[in-house]
Amino acid sequence: MCKLRLSSAMAKPGSKKTTLAVAVALIAVVAVIAAYFLLAPKAPRVKNVIVIGTTDNVQTTLDPCEAYDYLGVNIIQNMGEGLFAYEPGTAKLVNKLAVSYTVSPDRKVWDIKIRTDAKFQDGTPLTAQAVVWSWERTIKLNQDPAFLIGDLIEKAEAISSDTVRVYLKQPFEETYVKSLLATWVAFPVNPKTTPMDVVKPPNTVDMIGPYKLASWKPGEYIELVANPNYYGEKPKTERVIIRFYKDAQSLRLAVENGEVDVAFRTLSPADVKDIMAKGALQVVSGPGIAPIRYMVINVNKEPFNDKRVRQAIAYLIDRNQIVNTVYMGTFAQPLYSMVPIGFLGHKDSFKERYGDKPNVQAARQLLVQAGFSESNPLKMELWYTPVRYTPAEPDIAAIIKQNLEVSGMIKVDLKSADWATYRSLFKQEKIAVWLLGWFPDFLDSDNYVRPFYHSGANGWLHVNYKNPTIDKLIDEQVLQPTEQRIKTLAQIQDIAAEDAPIIPLWQEGQFAVAQKNVKGIVLDYSQIFRYWLIYAEVSG
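Summary of the structure given here. None of these values were measured; they are calculated from a predicted model. (Residues numbered from 1 in each chain as written. Predicted model: local features only at pLDDT ≥ 70, side-chain atom pairs only at ≥ 80, totals over all residues. Heavy atoms only, no water.)

1. Concerning the overall build of the protein
Along the backbone of the protein there are 16 helices and 22 strands. C-alpha atoms of the protein, sized along the principal axes, occupy 130 × 60 × 45 Å. By the burial criterion, 53% of the 540 residues in the protein qualify as buried. For the protein, the computed accessible surface area is about 23,300 Å², with 53% contributed by carbon and sulfur atoms. For the protein, the separation between the mean place of its 61 positive charges and that of its 57 negative charges on side chains is 9 Å. (Helix = DSSP H or I, 4+ residues; strand = E, 2+ residues; numbered from the N terminus. Buried < 20%, exposed > 50% of the residue type's maximum accessible area, 1.4 Å probe, protein only. Areas by Shrake-Rupley, 256 points an atom, 1.4 Å probe, with all protein chains shown as cover. Lys, Arg positive; Asp, Glu negative; His and termini not counted. Charge placed at Lys NZ, Arg CZ, Asp CG, Glu CD.)

Shown next, in the form of structure tokens:
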């Protein structure tokens, strides 16, 4: 009892010390936590709307069966997706609405299993029947881009609600098939709400993607909002407005004044260089195939039906002068083949055939053989369109005119027209020589030879070039193993350089100018400007 009392008496002072110590410790912890919340930097908030300015426009529709212009396709690629897609920042094709696939031993039959959690914007589940119906609609309506799957697919059928069986027309190489099924024309559309006819502005169709169309005032703006039924990761920004500007000057002013968060397509290279020097905005750049630029020559038009005249022109063009003068040697590089640098089988065939510098003497010899002289010069028009590709287009045309006239045997009359008129002029074959640019439909060398040189696929260009040998080689290369395919692509490029119906000029890099608080801009070989990755931070 005594020990107990002693222990009890001794315990009381120690208990007070313990209580005090605990209290002090608690106060310290609370102080540390309070300091953390008071002093730690606050996480930035994200704007719920971003504005993207452009001088581009939607040329036709936002219906994937017909759209065939860069901006129209790009907006569709933000509202829909296919069975396969390019992984951002790479050229790697990955499953998207597909979850797996098998290929028959003869490579002509594919069984593709699709996602069961994907829904259209109205909540209708994706089915294999919807995929097949969408492809059949595209092929049946047969608009300009329909060949992308029409030349690939013999027929398709739903063998279950989540499996599509595809019968190919040829035993095409695997990556080639996936790249075509990743194109916008193969995006599933909702059979419940989509008519068997092209949907015209200001409407579109129901697809499966991060965004859906909220409003569209043609020529002024397009508004997209997040698709609440999208199965995938939600967009970084709830609402995106694409605002149209009449020219590069007004677009530059808009981004410098903060009226837009991002300016994409198109500021002049000189403007971009000036903006970089000032440092108030950020310039994000990406790989250079956007677009490739080239000269088209209608080979049915005299005197351009004479190959020697086309070859003389090829001898005279100074690509380095264009790149170094207009693009400051930074934003583009000379191109000596329609297959871009870095693509499978690229070969500098025009450089090997005509050199990398103008050869005036060789050009003059050919022109003399074709019946021209200094007293009887070739008089020709060179057409360009002033806004669609770069504001510097008149400067480029002037350089080419100067290049050709150095021969002393060519007189060039420069002509220009807005894009709609321009397109009409070459489609009606009212002009003979004009400048164009190409954005790829899919990332494969075939997409840089077939639409230009194959007589069965180049009708849209009205170049009228037909060569049975090159047709045969183009058809063969997509069926060949890689090493053999490289050799065949080289043959195609060499023949194209010899015939010169189209003269490759340069390939451009991509760049976007943005406010410094904008994040998530990805510019890669796919050419897809992914709105759903872009966001703008705001403090406070």
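Back to the text.
2. Comments concerning the layout of surface pockets
Which parts of space are left empty comes out when a probe the size of a water molecule is rolled across the atoms. In this structure, the second largest pocket occupies an estimated 320 Å³ of space. Ala-91, Thr-175, Leu-344, Leu-443 and Asp-444 are the residues nearest the centre of the second largest pocket, which is lined by 16 residues in total. Taken together, the elements giving at least two residues each to the lining of the second largest pocket come down to helix H5 (174-181) and helix H16 (482-499). Split into classes, the residues belonging to the lining of the second largest pocket amount to 7 nonpolar, 6 polar and 3 charged. (1 Å grid on protein atoms, 1.4 Å probe; cavity = no way out; pocket = protein on both sides within 12 Å on 5 of 7 lines; lining within 4 Å. Points joined across faces, edges and corners; volume = space filled by probe spheres on them. Nonpolar A, V, L, I, M, F, W, Y, C, P; charged D, E, K, R; others polar.)

3. Some remarks on empty space enclosed by the protein
For the structure on display, the rule yields 3 cavities of 30 Å³ or more. Ile-52, Thr-54, Asp-56, Tyr-70, Leu-71, Asn-74, Ile-242, Phe-264, Arg-265, Phe-529 and Tyr-531 together form the lining of the second largest cavity. The set of elements that each furnish at least two residues to the lining of the second largest cavity consists of strand E2 (49-54) and helix H2 (70-79). In terms of residue class, the lining of the second largest cavity is made up of 7 nonpolar, 2 polar and 2 charged.

4. Focus: the packing of aromatic side chains
Tallied over the full model, the rule gives 27 aromatic pairs. Considering the side-chain rings of Tyr-68 and Phe-147, the 6.4 Å spacing of their centres and the 65 degrees angle between planes classify their relative orientation as edge-to-face. With Tyr-68 in the loop between E2 and H2 and Phe-147 in helix H4 (residues 147-150), this residue pair connects regions lying 79 residues apart in the sequence. On the basis of relative accessible area, Phe-147 is assigned to the partly exposed category, the value being 24%. Ring centres of Phe-426 and Trp-434 lie 5.3 Å apart, and the angle between their planes is 10 degrees; on these two criteria the pair is classed as stacked. For Phe-426, a relative accessible area of 4% translates into the label buried. Sitting over the face of the ring of Tyr-167, Lys-155 holds its NZ or CZ atom 4.9 Å from the ring centroid. Its guanidinium or amino end placed over the ring of Trp-419, Arg-388 lies 4.0 Å from that ring's centre, counting from NZ or CZ. (Phe/Tyr/Trp six-rings, centres within 6.5 Å; stacked < 30°, edge-to-face > 60°. Lys NZ or Arg CZ within 6 Å of the ring centre and 35° of its normal.)

5. Here we look at the pattern of salt bridges
A side chain with one charge may pair with a side chain of the opposite charge, provided their charged atoms come close. Tallying each qualifying case throughout the model produces 31 salt bridges. With a closest N to O distance of 2.6 Å, Lys-472 and Glu-476 form a salt bridge. Taken as a pair, Lys-472 and Glu-476 lie in helix H15 (residues 468-477) at a separation of 4 residues, close to a single helical turn. The exposed category is assigned to Lys-472, whose relative accessible area is 52%. Across the pair Asp-524 and Arg-530 runs a salt bridge, and its minimum N-O distance is 3.0 Å. Accessibility assignment for this pair places Asp-524 and Arg-530 in one class, buried. (Salt bridge = Lys/Arg side-chain N within 4 Å of Asp/Glu carboxyl O.)

6. Describing H5
Within H5, 6 of the 8 residues are buried, leaving the element largely enclosed by the surrounding structure. All of the buried residues along H5 are Tyr-176, Val-177, Lys-178, Ser-179, Leu-180 and Leu-181.

7. Quick look at helix H3 (residues 128-141)
In this model H3 runs 20 Å from its N-terminal to its C-terminal C-alpha over 14 residues, within 8% of the 20 Å that 1.5 Å per residue would give. Inspection of H3 places Ala-128, Ala-130, Val-131, Val-132, Ser-134, Trp-135, Arg-137, Thr-138 and Leu-141 among the buried residues, and these make up the whole buried set. In the core, the buried residues of H3 are packed alongside strand E6 (109-114), H4, strand E7 (153-160), strand E8 (163-168) and H5. Asn-142 sits one or two positions beyond H3 and adopts a positive phi of about 50 degrees. (Expected span 1.5 Å × (residues − 1). Contact = heavy atoms within 4.5 Å.)

8. What about the packing of H15 against H16?
Put simply, H15 and H16 touch, their axes get as near as 9 Å, and they point 155 degrees apart. Taken together, the axes of H15 and H16 are roughly antiparallel relative to one another. Seen along the crossing, H15 lies across H16 with a hand that is left-handed. Together, Thr-469, Ile-470, Leu-473, Ile-474 and Gln-477 of H15 and Arg-485, Thr-488, Leu-489, Gln-491, Ile-492, Ile-495 and Ala-496 of H16 make up the contact between the two elements. Partitioning the contact of H15 with H16 into residue classes produces 7 nonpolar, 4 polar and 1 charged. (Axes fitted to C-alpha atoms, helices over the stretch in contact; angles between N-to-C directions. Parallel < 35°, antiparallel > 145°, perpendicular 65-115°, else oblique. Left-handed = near helix turned anticlockwise from the far one by under 90°.)

9. What to know about the side chain of Ser-179
With respect to the element layout, Ser-179 can be found in helix H5. The exposure class of Ser-179 is buried, given its relative accessible area of 1%.

10. A closer look at the sheet that holds strand E22 (residues 535-538)
If you walk across this open sheet you meet the 3 strands as E1-E22-E21, and the pairing is antiparallel. Each end of this open sheet is capped by a strand with a single partner; those strands are strand E1 (45-46) and strand E21 (518-519). Two elements, E21 and E22, share 2 bridges in a ladder whose sense is antiparallel. Residue pairing in the sheet places Val-518 in a bridge with Ala-536 of E22. (Pairing = 2+ DSSP bridges.)

11. A short note on the sheet that holds strand E20 (residues 510-514)
Judged by pairing direction, the sheet is mixed, and its 7 strands sit side by side in the order E9-E10-E11-E2-E12-E20-E13 without closing on themselves. Because the sheet does not close on itself, it has two edges, and the strands there are strand E9 (211-217) and strand E13 (282-286). Taking the axes of each pair of neighbouring strands and ignoring which way they run, one obtains an average angle of 20 degrees across the sheet. Inspection of the sheet shows strand E10 (residues 221-226) paired to strand E11 (residues 239-244) by 5 bridges, in the antiparallel sense. By the bridge assignment for E11, Val-225 is matched with Arg-239.

12. Things to note about the environment of Ala-490
Mapped onto the elements, Ala-490 comes out in helix H16. Setting aside residues up to four positions removed in sequence, Ala-490 forms contacts with Lys-347 and Ser-349.

13. Description of the side chain of Asp-446
Relative to the assigned elements, Asp-446 resides in helix H14 (residues 446-453). Residue class for Asp-446 comes out buried when judged on its relative accessible area of 2%. A polar atom in the side chain of Asp-446 sits 2.6 Å from the side chain of Gln-477. Apart from the residues lying within four places of it in its own chain, the contact partners of Asp-446 are Tyr-176, Pro-451, Ile-474, Gln-477, Val-478 and Arg-485. (Polar contact = N/O pair within 3.5 Å; in protein donor to acceptor, adjacent residues only side chain to side chain.)

In short, geometric facts, not functional conclusions.
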